[in-house]
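Descriptive structure summary
The lines below spell out each chain.
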Amino acid sequence: VSVGGGTGEQQASILVVDDSEIARASVTEILERRGYRVRSLASAFGVSAALASETPELILLDISMPGLRGDRLAEIVRRNFTFSCPIVFYSALDAAELGKLSVAAGVDGYICKSVSEQELVAAIAKHIAPRRAHARVAPEYQARERTLRLVIIDDNEFARDLFRHALVSQLRGCRVHVHMAAGVFDAWDLLQRLGGADLALVDEQLRGLRGSELVRRLRRDDRFRTMPIISLGSEGDCGEVEARAAGANEYLQKPFALNRMSGLVEGLLRTRAVATP
Amino acid sequence: MSQTAFGARRPHVLLIDDSSVALAAIAAALKSICRVTARSDPARVEWTALDAVDLILLDVHLPDFYGDDAVEYLREVKQVSAPIVLLSSLAEAELRVRAGRVCADGYLSKDIGAEAIAAHVHKLLQPSS
């Protein structure tokens with residue numbers, strides 16, 4: 001697997017905020033070796049200037065720092081500077097604590113400082129790769145001359161249509177059929193009729209039942225056991241942990257940048273293209 | 001009331017913001033200079049039956065998606081031809097980049113307040129000389 005901002009493409013830039021000089025130096029060295037461009041800061045001081053000059057493709061934040069803690073900084077950055085750049089905690093706290101803080105601060109994930117170099121690089125690539133993805137999935141499906149069946153389940157009509165437009169634009173060159181439903185029961189009927197699909201976007205807040213309940217039921221059916229599902233959550237509902245427990249492959253918290261959705265869609269479709277020749 | 005590019009017709013501004021406080025404050029400030037259609041959700045706009053709109057003020061941070069991600073869709077699918085101006089409390093640098101990325105017609109920071117937003121809208125509605 002090739003990772004990093006490396007060859008050919010423009011290098012991905014990462015902003016590291018950590019009060020430990022050793023941690024900064026070590027992360028910078030590891031990431032630069034993988035082709036990333038790294039800027040680092042020792043505290044929250046200077047973050048606004050760094051973000052104003054360039055929005056990075058990922059922000060890696062330590063939690064325990066003198067002055068402003070990383071989780072508090074994350075909230076400020078998210079609210080005032082960037083809605084879409086992934087923010088990931090990188091801390092020596094234990095995983096359970098980090099998980100809780102991540103959910104509370106609404107960041108995209110966390111990495112424990114105890115992980116190996118390989119794990120660190122893989123975790124970072126996972127957050128960056130989807131955003132750098134374009135319609136590279138197209139050729140794999142084009143070659144097969146098969147129609148991709150995508151399903152969008154969302155009770156907001158405008159959002160549903162906007163997501164459809166984004167998917168169709170992304171998969172230009174492929175034959176795509178997008179089916180849509182507004183509620184759980186319509187969605188259930190639609191999927192029964194289709195008997196399967198290549199990907200489903202399922203909003204959590206639906207009329208009727210919760211989206212995760214629909215996902216749970218679909219996973220009990222052989223025809224939908226491996227169908228890629230992206231769960232769309234909102235602030236205040238059950239969230240990522242429950243969505244994944246119900247069987248969703250990926251989770252996006254609304255509002256999300258459409259290019260993040262495109263990245264996840266691409267990843268899931270490519271995996272499926274490889275898995276089902 | 002000042003004369004505008006629209007002759008005797010009062011210009012019409014569509015304002016979309018999910019924050020009821022912002023929606024009410026900005027709509028109230030705009031009322032002296034134009035007709036305002038205020039909506040909390042793009043799904044509540046009758047896009048096909050909409051009277052001629054001269055300017056759209058679109059909040060970036062909506063509950064289901066980001067307003068800037070909807071600009072291209074509004075133009076291509078909903079056939080919106082009116083200028084679209086992004087509204088947000090994001091830092092100016094980020095807002096400028098986002099507006100530029102989707103070719104929005106402009107951006108206004110919510111932090112300047114409803115009256116100042118109305119003053120900018122008034123300027124945008126003037127005939128370009």
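Everything below is about the structure shown above.
What follows concerns the overall build of chain B. For chain B, the helix and strand inventory stands at four helices and five strands. Counting from the amino terminus, chain B carries its helices and strands in the arrangement β-α-β-β-α-β-α-β-α. The buried share among the 129 residues of chain B stands at 49%. Considering only contacts in chain B between residues 6 or more positions apart, those separated by 24 or more positions represent 58%.

Take the sheet that holds strand 8 (residues 199-203) of chain A next. Residues and elements named next belong to chain A. Pairing in this open sheet of five strands is parallel, and the strands run 7-6-8-9-10 from one edge to the other. Looking at which strands have only one partner, the edges of the open sheet turn out to be strand 7 (175-181) and strand 10 (250-253). Direction aside, the axes of adjacent strands within the sheet are offset by 15° on average. Relative to strand 7, strand 6 (residues 147-153) runs parallel, the two sharing seven bridges. When the sheet's bridge partners are listed, Leu-148 is paired in strand 7 with Val-176. Running over the sheet, helix 9 (residues 211-219) touches strand 6, strand 8 and strand 9 (229-233) and is turned about 145° from strand 8.

Another aspect to go through is the environment of Tyr-36 of chain A. Relative to the helices and strands, Tyr-36 of chain A resides in the loop between helix 1 (21-33) and strand 2 (37-41). Owing to a relative accessible area of 3%, Tyr-36 of chain A belongs among the buried residues under this scheme.

What follows covers the interface of chain A and chain B. Listed by partner, the interface residues are 20 residues for chain A and 26 residues for chain B. Carbon and sulfur atoms make up 59% of the area that chain A and chain B hide from each other, which totals about 2,100 Å². Our count for the chain A to chain B interface comes out at one salt bridge. Here Asp-64 of chain B ties to Lys-254 of chain A by a salt bridge, and the two come within 2.6 Å at their closest N and O atoms. The interface formed by chain A and chain B includes seven residue pairs in polar contact (both at pLDDT 80 or more). Among the secondary structure elements, those contributing two or more residues to the side of chain A that touches chain B are helix 3 (70-80) and helix 7 (157-170) of chain A. Looking at the side of chain A that touches chain B residue by residue, the class counts come to eleven nonpolar, six polar and three charged.

With that out of the way, let us pick up helix 1 (residues 20-30) of chain B. All names here are of chain B. Turning to helix 1, its buried residues number three or more, namely Ala-22, Leu-23, Ile-26, Ala-27, Ala-29 and Leu-30. What you see down the axis of helix 1 is that its buried residues fit within an arc of 160°, all on one side. Seen from the buried face of helix 1, the exposed residues on the opposite side, beyond 90 degrees, are Ser-20, Val-21 and Ala-28. Looking at the buried residues of helix 1, the elements they touch are strand 1 (12-16), strand 2 (35-39), strand 3 (55-59), strand 4 (84-88) and helix 4 (114-124).

In any sheet, the strands associate via hydrogen bonds between backbone groups, in a parallel or an antiparallel arrangement. Residues and elements named next belong to chain B. What the five strands build is an open sheet, ordered 2-1-3-4-5; its pairing is parallel. The open sheet terminates on both sides in strands that have one partner only, identified here as strand 2 and strand 5 (106-109). Direction aside, the axes of adjacent strands within the sheet are offset by 20° on average. Pairing between strand 1 and strand 2: five bridges, direction parallel. The residue bridging His-12 from the neighbouring strand is Arg-35, located in strand 2.

Next up on the list: the nonpolar core. Membership of the largest hydrophobic core comes to 49 residues, with the highest contact counts inside it found for Phe-163, Leu-201 and Met-261 of chain A together with Trp-47, Ile-56 and Leu-58 of chain B. Setting aside anything within four residues of it in sequence, one finds Ile-56 of chain B in contact with Leu-14, Trp-47, Val-80, Ala-82, Pro-83, Ile-84 and Val-85 of chain B.

Right, let's talk about the environment of Gly-46 of chain A for a bit. Tracing the chain through its elements places Gly-46 of chain A in the loop between strand 2 and helix 2 (47-53). With 29 residues separating them in the primary sequence, Gly-46 of chain A and Val-17 of chain A have C-alpha atoms 9.8 Å apart.

Right, let's talk about the pattern of salt bridges for a bit. Oppositely charged side chains are able to pair whenever their charged atoms sit close together. Going through the model one piece at a time under the given rule, you end up with 33 salt bridges over all chains. In this structure, the salt-bridge partner of Glu-213 of chain A is Arg-217 of chain A, at a minimum N-O distance of 3.3 Å. Of the two residues, Glu-213 of chain A and Arg-217 of chain A both sit in helix 9, four residues apart, roughly one turn of that helix. Among the charged side chains, a network of salt bridges with common partners joins Asp-68, Asp-69, Glu-94, Arg-98 and Arg-101 of chain B.

Cut-offs used in this document
- Residues numbered from 1 in each chain as written.
- Chains lettered and ligands numbered in written order.
- Predicted model: local features only at pLDDT ≥ 70, side-chain atom pairs only at ≥ 80, totals over all residues.
- Heavy atoms only, no water.
- Helix = DSSP H or I, 4+ residues; strand = E, 2+ residues; numbered from the N terminus.
- Buried < 20%, exposed > 50% of the residue type's maximum accessible area, 1.4 Å probe, protein only.
- Contact = heavy atoms within 4.5 Å.
- Pairing = 2+ DSSP bridges.
- Axes fitted to C-alpha atoms, helices over the stretch in contact; angles between N-to-C directions.
- Buried area = accessible area lost by both parts, 1.4 Å probe.
- Salt bridge = Lys/Arg side-chain N within 4 Å of Asp/Glu carboxyl O.
- Polar contact = N/O pair within 3.5 Å; in protein donor to acceptor, adjacent residues only side chain to side chain.
- Nonpolar A, V, L, I, M, F, W, Y, C, P; charged D, E, K, R; others polar.
- Arc of directions from axis to C-beta.
- Core = buried A, V, L, I, M, F, W, Y, C linked by side-chain atoms within 4.5 Å.

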